[in-house]
Amino acid sequence: MSKMFFLILAAIVGSLGFGINMKIKMPHVIYAALAGGVTYYIYLVAFQAFENHFLSNFLAAVFVSLFAEIMARIHKTPTTIFLTSGAICLIPGGRLYYAMYAIINDDEVAFVENGEIALIIALAIASGFMVVTVVMKLLSRFLQPQKRRFRQRKMAKGHRSNVHRESVH
């Protein structure tokens with residue numbers, strides 16, 4: 001349990017440092033850092049439960065993407081402010097380093113093992129982001145206020161009828 005605590009603390013500090021380096025404003029960087037900690041906690045719990053790199057990173061990416069979408073709407077800021085700092089702890093930097101190190105040392109087995117896991121993790125993160133983004137776009141399209149949809153239809157009908165009237169006269 002203490003190892004998990006330090007890993008989550010490291011994720012929070014890493015997300016905070018990344019956010020500060022990217023010049024994210026103060027209240028937002030705190031939320032992004034906490035999102036990084038929770039994201040890494042979800043990854044750790046999912047990996048302990050499933051022992052699957054894709055599924056654990058996918059679930060963590062879905063969480064951080066959903067968190068970023070919600071916080072962006074609350075604070076009226078771009079989603080990437082919360083997403084980049086919150087997801088930095090999922091990036092497979094160590095696996096990429098060991099894959100490149102294996103290439104230099106002519107260790108094909110280690111290269112394939114680390115490279116494959118790095119690609120799986122990257123695919124899981126991208127898939128998690130994509131799923132949440134698509135769902136949020138669809139929800140925003142279907143849940144837009146009825147008044148706005150009615151106004152858009154009315155303008156479209158009026159536009160067509162005006163064109164028809166002009167062609168008749």
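Residues numbered from 1 in each chain as written. Predicted model: local features only at pLDDT ≥ 70, side-chain atom pairs only at ≥ 80, totals over all residues. Heavy atoms only, no water.

**Structural notes on the overall build of the chain**
Using the following cut-off: Strands here mean DSSP runs of E at least two residues long; helices mean DSSP runs of H or I at least four residues long; both are numbered from the N terminus. Relative accessible area decides the class of each residue, using a 1.4 Å probe on protein chains only: under 20% of the type maximum gives buried, over 50% gives exposed, and in between gives partly exposed. Contacts are assigned to residue pairs that have any heavy atoms within 4.5 Å of one another. We get accessible surface area from the Shrake-Rupley algorithm with a probe of 1.4 Å; when it comes to residues, only the shown protein chains can shield them.
What the chain contains, in helices and strands, is seven helices and zero strands. Starting at the N terminus and walking to the C terminus, you meet the elements of the chain as α-α-α-α-α-α-α. Going through the 169 residues of the chain one by one, you find that 33% of them count as buried. Sequence separation of 24 or more characterises 64% of the internal contacts of the chain that already satisfy a separation of 6 or more. Accessible area of the chain: about 11500 Å², with a carbon and sulfur share of 69%.

**Some words on the confidence of the model for the chain**
Keep this limit in mind: As a per-residue quantity, pLDDT reports the predictor's confidence and falls between 0 and 100.
Per-residue pLDDT for the chain averages 90, and the proportion of residues at 70 or more is 85%. Averaged pLDDT values over the elements of the chain bottom out at 58 in helix 7 (residues 146–168) and peak at 97 in helix 3 (residues 53–75).

**A closer look at the packing of aromatic side chains**
Here the distance between the centres and the angle between the planes together describe a pair of aromatic rings. Formally: Aromatic rings from Phe, Tyr and Trp, with only the six-membered ring used for Trp, were paired whenever their centres fell within 6.5 Å, and each pair was classed as stacked if the ring planes differed by under 30 degrees, edge-to-face if by over 60, and tilted otherwise.
All told, the structure shown has eight aromatic pairs when counted by the stated rule. Ring geometry for Tyr40 and Tyr43: centres 5.4 Å apart, planes at 35°, overall tilted. Here Tyr40 pairs with Tyr43, and both are found in helix 2 (residues 26–50), just three residues apart, close to one helical turn. Look at Tyr40 and you get buried, because its relative accessible area is 17%. Under the relative-accessibility criterion, Tyr43 is labelled buried at 13%. Centre to centre, the rings of Tyr97 and Tyr101 are 6.1 Å apart; their planes meet at 20°, and the pair counts as stacked.

**Notes on the nonpolar core**
For the record, the criterion: Residue types Ala, Val, Leu, Ile, Met, Phe, Trp, Tyr and Cys, when buried and joined through side-chain atoms within 4.5 Å, form a set referred to as a nonpolar core.
Core analysis: the biggest nonpolar cluster contains 13 residues, and Tyr40, Tyr43, Leu44, Cys89, Leu90 and Ile125 have the highest contact counts within it. Contributing elements (two or more residues each) for this core: helix 1 (2–21), helix 2, helix 3 and helix 6 (108–142). Beyond its immediate sequence surroundings of up to four residues, Leu44 is in contact with Met4, Leu7 and Ile8. Ala32, Ala35, Val64 and Phe82 belong to the second largest nonpolar core, which has nine residues in total.

**Comments concerning the pattern of salt bridges**
Operational definition: Here, a salt bridge means any Lys or Arg side-chain nitrogen found within 4 Å of an Asp or Glu carboxyl oxygen.
All told, the structure shown has one salt bridge when counted by the stated rule. A salt bridge links Arg73 to Glu69; the shortest N-O distance between them is 2.7 Å. Taken together, the positions of Arg73 and Glu69, both in helix 3 and four residues apart, correspond to about one turn of that helix. The class of Arg73 is partly exposed, set by a relative accessible area of 45%.

**Observations concerning the side chain of Thr39**
Along the chain, Thr39 turns up in helix 2. Those residues in contact with Thr39, other than ones at most four positions away along the chain, are Ala60, Phe63, Val64, Gly86, Cys89 and Leu90.

**Remarks on unusual backbone geometry**
With phi around 50°, Glu51 is a residue other than glycine that occupies positive phi space. Relative to the assigned elements, Glu51 resides in the loop between helix 2 and helix 3. Its relative accessible area of 65% is what places Glu51 among the exposed residues. Non-glycine residue Lys76 carries a positive phi angle of around 55°. The residue Lys76 is located in the loop between helix 3 and helix 4 (79–87) in this model.

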